[in-house]
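Tertiary structure, described
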Amino acid sequence: MPIAGLPPRSRLDALADPDAFHWATGIENTVIADPARGGRTLDEYELTGHYEHHKEDLARVVDLRVDCVRYGVPWQLANPAPGRFDFALADDAFGQLLAGGVEPIMDLVHYGTPAWLERGFLDPDYPARVAEYAAATAERFRGRIRWYTPLNEPRITAWYCGRLGWWPPYARGWSGFVAVMLGVCRGIRATARALLAVDPEIVLAHVDATDLYEPAQPAASADAELRQRLVFLALDLLTGRVDSGHPLHAWLRRHGASATELDEFLAAPLALDLVGINLYPMFTWKRVERSGRRLRIRMQYAGPELLERLAHLYFDRYRRPLFVTETASTGRRRRPWLEGSVAAVRRLRAEGIPVVGYTWWPLFSLVAWAYRQGLRPREEYVLRMGLYELDLSPGAGLARRTTPLVETYRALASAGVAPVGRLAPGGEA
């Protein structure tokens, strides 16, 4: 049966099928340029050799027998100048995936904005320009691509671009965080409208990083509570929840949000099709410590129960289908995490929590973001989280080396819903 309250779109109806489940992978596609302001260009496709090896990489995706893949063409590449579009890479990549029976979940914006958008997410033209790009992409692939992520991880975008000032537009402090968050959410809203105007059957996968903050002592309770509320801020804004009674309303006003800006989101809430949650056992569980004026946040390695706790938090709050849109671990912990997290999905579905997909991200090793601010050689920043590993030895040409996890993941994907079980009745979306 269709999920209650959703518009009658065939793709959304399919998400409610208790006997269906989506296995996916993805390729990290962060691009942060602008070395003039300090730091090196962080282009994951270049650093991992994907531009050169994209045909072989996408053949590996098809060979995994997954039914979908999170993949994006960098906005800067697809839209090199205002109003001008270059879909050469997109045509090639998406054509290969679709011919292989793999549906792309198109990442439209993955942290970076084109250099011609001078103030990035704070540019007054940003919502219109990103909507223009979204509409052009949807027109190009109408009837072929129906899954889109308007913007990957809005909270992390606001953190790096607005709070820390490490990425364009280099805003800093909580006021910078709020300004970028509002700009990003305006862009997501404009993107959603533009996509659905072109093709009403498009499914919007709203993807954000999940975090679980817990205080180490009573003195840190308020800090942990604030950080946890910020985890949900983007989706709360987009769905029209941030009214005067929202626990972050006064905090947002203190840090620069005007009443008019907040009221705009209340006036035009966005319906959520699908909530994508990104979580990693080594990054996502955070312990908050306070000693006087000093605040410290420590990351702790978590077990599969982390996924269950977060899934309950998101489903209880938004009552929408959930998709694990990123997860992985490193080194020898990869297999235990895969086995444990898939078992956690099975338990959730047995409770009636509609987790409808699972993504091992990334397909192959990625280069840590610290590379941009760092000085050491690329090979010292490689995170071995993938199903394949990059061979960084001299003369290897960034060859992809198969790990034993490839065959395991292929078997899971080939089995469809069997590894996670039929979705039980009980949770009402």
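Here the structure is shown first, and the text comes after it.
Following P168, the chain continues into P169 via a peptide bond in cis, with omega recorded as 10°. Residue position: P169 is located in the loop between α7 (154-163) and α8 (173-198). Along the chain, W361 connects to P362 via a cis peptide bond; the corresponding omega equals 10°. Summarising the element assignment, P362 is placed in the loop between β13 (355-360) and β14 (366-367). A positive phi is found at E153, a non-glycine position, where the angle reads about 55°. Structurally, E153 is set in the loop between β6 (147-149) and α7. Positioned with a positive phi, L398 is a non-glycine residue whose angle comes to about 60°. Tracing the sequence through the fold places L398 in the loop between β16 (388-391) and β17 (399-402).

Note on aromatic pairs: each is described by the distance of the centres and the angle between the planes. Throughout the structure, instances matching the rule amount to 30 aromatic pairs. Ring centres 6.1 Å apart and planes at 50° place the aromatic pair W75 and Y126 in the tilted group. Of this pair, W75 sits in helix α4 (residues 75-78) while Y126 is found in helix α6 (residues 126-140), placing the two residues 51 residues apart along the sequence. With a relative accessible area of 1%, W75 lands in the buried category.

The strands making up a sheet associate through hydrogen bonds between their backbones, and the pairing can be parallel or antiparallel. Read once around its circumference, the closed barrel built from eight strands follows the order β1-β4-β5-β6-β7-β9-β12-β13, with strand pairing classed as parallel. The average undirected angle you get between the axes of adjacent strands in this sheet is 25°.

Moving on, we come to the side chain of T239. Tracing the backbone through its elements, the reader meets T239 in the loop between α10 (233-238) and α11 (249-254). Of the residues examined, T239 reaches a relative accessible area of 18% and is grouped as buried.

Attention shifts here to the packing of helix α13 (residues 305-318) against helix α14 (residues 334-351). Where α13 contacts α14, the two axes come as close as 9 Å, and the packing angle between them is 40°. The interaxial crossing formed by α13 with α14 has right-handed handedness. From α13, L307, E308, A311 and H312 reach across to α14, where they touch S341, A344, V345, R347, L348 and E351. Tallied by class, the residues present in the contact of α13 with α14 amount to five nonpolar, two polar and three charged.

Rules and cut-offs
- Residues numbered from 1 in each chain as written.
- Predicted model: local features only at pLDDT ≥ 70, side-chain atom pairs only at ≥ 80, totals over all residues.
- Heavy atoms only, no water.
- Helix = DSSP H or I, 4+ residues; strand = E, 2+ residues; numbered from the N terminus.
- Phe/Tyr/Trp six-rings, centres within 6.5 Å; stacked < 30°, edge-to-face > 60°.
- Buried < 20%, exposed > 50% of the residue type's maximum accessible area, 1.4 Å probe, protein only.
- Pairing = 2+ DSSP bridges.
- Axes fitted to C-alpha atoms, helices over the stretch in contact; angles between N-to-C directions.
- Left-handed = near helix turned anticlockwise from the far one by under 90°.
- Contact = heavy atoms within 4.5 Å.
- Nonpolar A, V, L, I, M, F, W, Y, C, P; charged D, E, K, R; others polar.

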